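Architecture at a glance
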Amino acid sequence: METYSLDYLDQLESEAIHIFREVAGQFERPALLFSGGKDSICLVHLALKAFRPGKFPFPLVHIDTGHNFPEALVFRDRLAEQLGEKLIVRKVEDTIKAKGLTEPKGKFASRNALQTYTLLDTIEEFEFDACIGGARRDEEKARAKERIFSVRDEFGQWDPKLQRPELWNIYNGKIHKGENVRVFPISNWTELDVWNYIKRENIALPNIYFSHEREVICHQGQLVAVSDFIQLEESDTVLKKTVRYRTVGDMTCTAAVESTASHIDDIINEIIATKTSERGETRIDDKVSEAAMEDRKKNGYF
């Protein structure tokens, strides 16, 4: 009798599709948080496999800080249009004005922490009871603590010591009114898994993930793109470097890596050789303190 076994990418894909369908079955108003970055693009691809030829049972939602890479925004809009899926965009700048929030100051004034206010307002506006995100456990230690179904209280807060067991791929989405769940279908994937999957499925990405020339400054060993969102100082030297991005957040808090990797195979080889996580190497905002990410997540961050 012939036996059939799934390879590891098939297993990860099957798990993610199962999670998507659990969300559709257990929640009334889910949403997929979509930024135009590689992980959220993979989520969209998995959602296509889970629900086509039908429409997605949720809209795509982007919390736009106003400091995004233009390439990611162009890709976001084009993909949503190609798929014919609903895209909801809510802007942090509007929240700052409406709530009278104080913008961070300084050289790399990031709105990252302020995204939480806009996200929670958006959840309340549309009464979302589940928000699907592309976070992975290998990215950062706070994310390694989270369950795949991660419950938030009525204030959007997360308690890392109060989480539900997840045994035998059984996910408990039962919540009280006002609570919501963050769902992470690719939580068990690694950065290398994501890139191998992108290669296998021939998934298109914004071109900033591949090597290109860009004007940057060197800050504490990191290469930060020159943009209207950072304050150049007299001591800064603008360099033209061949770089790519491992992760795509705001231009104010995401550093590039020097790289000539212009093809997926080159990127995969780089990832195999590196000893640093993508956020550890390229995210300035995670270096504020040892618990920077966990503190933000406790307050309602992605």
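Note that the structure is predicted; figures quoted are calculated from it, not measured. (Residues numbered from 1 in each chain as written. Predicted model: local features only at pLDDT ≥ 70, side-chain atom pairs only at ≥ 80, totals over all residues. Heavy atoms only, no water.)

1. Topic: the packing of helix H1 (residues 8-26) against helix H7 (residues 191-201)
Here is the rule we go by: Every axis in this analysis is a line fitted to C-alpha atoms, fitted for helices over the stretch in contact. Angles between the N-to-C directions lie between 0 and 180 degrees. A helix here means a DSSP run of H or I that spans at least four residues, while a strand means a run of E at least two residues long, and both kinds are numbered starting from the N terminus. What sets the label is the angle itself: under 35 degrees gives roughly parallel, over 145 gives roughly antiparallel, 65 to 115 gives roughly perpendicular, and the rest give oblique. When checking whether two residues touch, look at their non-hydrogen atoms; a contact exists if any pair is within 4.5 Å. Each residue gets one of three labels, nonpolar for Ala, Val, Leu, Ile, Met, Phe, Trp, Tyr, Cys and Pro, charged for Asp, Glu, Lys and Arg, and polar for the others, Gly among them.
At a minimum axis separation of 11 Å, H1 and H7 run at an interaxial angle of 95°. The angle between H1 and H7 falls in the class roughly perpendicular. Where H1 abuts H7, its residues Tyr8, Leu9, Asp10, Leu12 and Glu13 lie against Asp193, Asn196, Tyr197, Arg200 and Glu201. By residue class, the composition of the contact of H1 with H7 is 4 nonpolar, 1 polar and 5 charged.

2. Structural notes on the sheet that holds strand E2 (residues 60-64)
Strand pairing in a sheet relies on backbone hydrogen bonds. The paired strands run either parallel or antiparallel. As a reminder, the rule being used: Pairing between two strands requires that DSSP report at least two bridges joining them.
Ordered in space as E3-E2-E1-E4-E6-E5, the 6 strands form an open sheet in which the pairing is mixed. Across the chains shown, the open sheet's two edge strands, defined by having one partner strand only, are strand E3 (87-91) and strand E5 (149-152). On average, each strand axis in the sheet is tilted by 30° relative to the strand beside it, whichever way the strands run. When strand E4 (residues 130-132) meets strand E6 (residues 180-183), the two strands line up parallel, connected through 3 bridges. Residue pairing across strands places Cys131 opposite Arg182, the latter belonging to E6.

3. Observations concerning the sheet that holds strand E9 (residues 239-244)
Taken in spatial order, the 4 strands close into a barrel running E7-E8-E10-E9, and their pairing is antiparallel. Strand-to-strand twist in this sheet, taken as the mean axis angle between neighbours without regard to direction, amounts to 70°. Of the strand pairs in this sheet, E9 and strand E10 (residues 255-258) are connected by 2 bridges, and their pairing is antiparallel. Residue Val243 lies in a different strand from E10, and its bridge partner there is Glu258.

4. Things to note about the state of the cysteines
Going by this rule: Throughout, disulfides are identified as pairs of cysteine sulfur atoms within 2.5 Å of each other.
All chains considered together, the criterion is met by 0 disulfides. There is no disulfide at Cys218, and the cysteine sulfur nearest it, in Cys253, is 17 Å away.

5. Some details on the packing of H7 against helix H8 (residues 264-273)
As a reminder, the rule being used: Helix crossings are classified by the rotation of the near helix relative to the far one: an anticlockwise turn of less than a right angle makes the crossing left-handed, while a clockwise turn makes it right-handed.
At a minimum axis separation of 10 Å, H7 and H8 run at an interaxial angle of 165°. Put simply, H7 runs roughly antiparallel to H8. Where H7 crosses over H8, the handedness of that crossing is left-handed. Contacts between H7 and H8 involve Glu191, Leu192, Trp195, Asn196, Ile198 and Lys199 from the first element and Ile264, Asp265, Ile267, Ile268, Ile271 and Ile272 from the second. Of the residues contributing to the contact of H7 with H8, the split by class is 8 nonpolar, 1 polar and 3 charged.

6. Quick word on helix H5 (residues 115-126)
Operational definition: Residue count minus one, scaled by 1.5 Å, sets the expected span of a helix. Under the scheme applied here, a residue whose accessible area is under 20% of the maximum for its type counts as buried, over 50% as exposed, and between as partly exposed, the area being computed with a 1.4 Å probe on protein chains only. The reported arc concerns the directions from the helix axis to the C-beta atoms and nothing else.
The terminal C-alpha atoms of H5, which comprises 12 residues, lie 17 Å apart, in line with the 16 Å expected from a rise of 1.5 Å per residue. Along H5, the residues that are buried comprise Gln115, Thr116, Thr118, Leu119, Thr122 and Ile123. What you see down the axis of H5 is that its buried residues fit within an arc of 165°, all on one side. In this fold, the buried residues of H5 make contact with strand E1 (30-33), E2, E3, helix H4 (92-99), E4 and E6. A positive backbone phi angle near 55° is found at Glu127, which sits one or two residues after H5.

7. Considering H8
Restricting attention to buried positions, one finds in H8 the residues Ile264, Ile267, Ile268 and Ile271. The buried residues of H8 occupy one face: seen down the axis, they fall within an arc of 100°. Of the residues in H8, the exposed ones pointing more than 90 degrees away from the buried face are Ile272 and Ala273. Residues of H8 that are buried in the fold lie against H7 and E9.

8. A few points about the environment of Thr247
Relative to the helices and strands, Thr247 resides in the loop between E9 and E10. In this structure Thr247 comes out as buried when scored by relative accessible area, which is 6%. As a C-alpha pair, Thr247 and Glu191 span 56 residues in sequence and 9.7 Å in three-dimensional space.

9. Thoughts on the domain arrangement of the protein
Using the following cut-off: What fixes the domain bounds is an automatic or database domain assignment. The quantity reported as buried area is the accessible area (1.4 Å probe) lost by two parts once they are put together, taken as the sum for both. A pairing counts as a salt bridge when a side-chain nitrogen of Lys or Arg comes within 4 Å of a carboxyl oxygen of Asp or Glu.
Here the protein is partitioned into domain 1 (8-192 + 291-298) and domain 2 (207-287). The straight-line distance from the C-alpha centre of domain 1 to that of domain 2 is 24 Å. In this assembly, 27 residues from domain 1 lie in contact with 31 residues from domain 2. Roughly 2500 Å² of surface becomes buried between domain 1 and domain 2 when both sides are summed, with 55% attributable to carbon and sulfur atoms. On the domain 1 side of the contact with domain 2, Phe69, Lys107 and Phe108 bury the most area, a combined 33% of that side's loss. Linking domain 1 to domain 2 there are 4 salt bridges. Between Lys107 and Asp236 there is a salt bridge whose closest N-O contact spans 2.8 Å.

10. Let's talk about the pattern of salt bridges
Counting across every chain of the model gives 26 salt bridges. Notably, a salt bridge pairs Asp10 with Arg200, separated by 2.8 Å at the nearest N-O pair. Within this pair, whereas Asp10 is found in helix H1, its partner Arg200 is found in helix H7, the two being separated by 190 residues in sequence. Taking the relative accessible area as the measure of exposure, Asp10 reaches 17% and is therefore buried. For Glu258, the salt bridge goes to Lys241, with nearest N and O atoms at 3.8 Å. Placement of the pair is Glu258 in strand E10 and Lys241 in strand E9, with a sequence separation of 17 residues. Residue classification places Glu258 among the exposed residues on the basis of a relative accessible area of 53%. Within this structure, Asp7, Asp10, Glu13, Lys49, Arg200 and Glu201 form a network of salt bridges that share partners.

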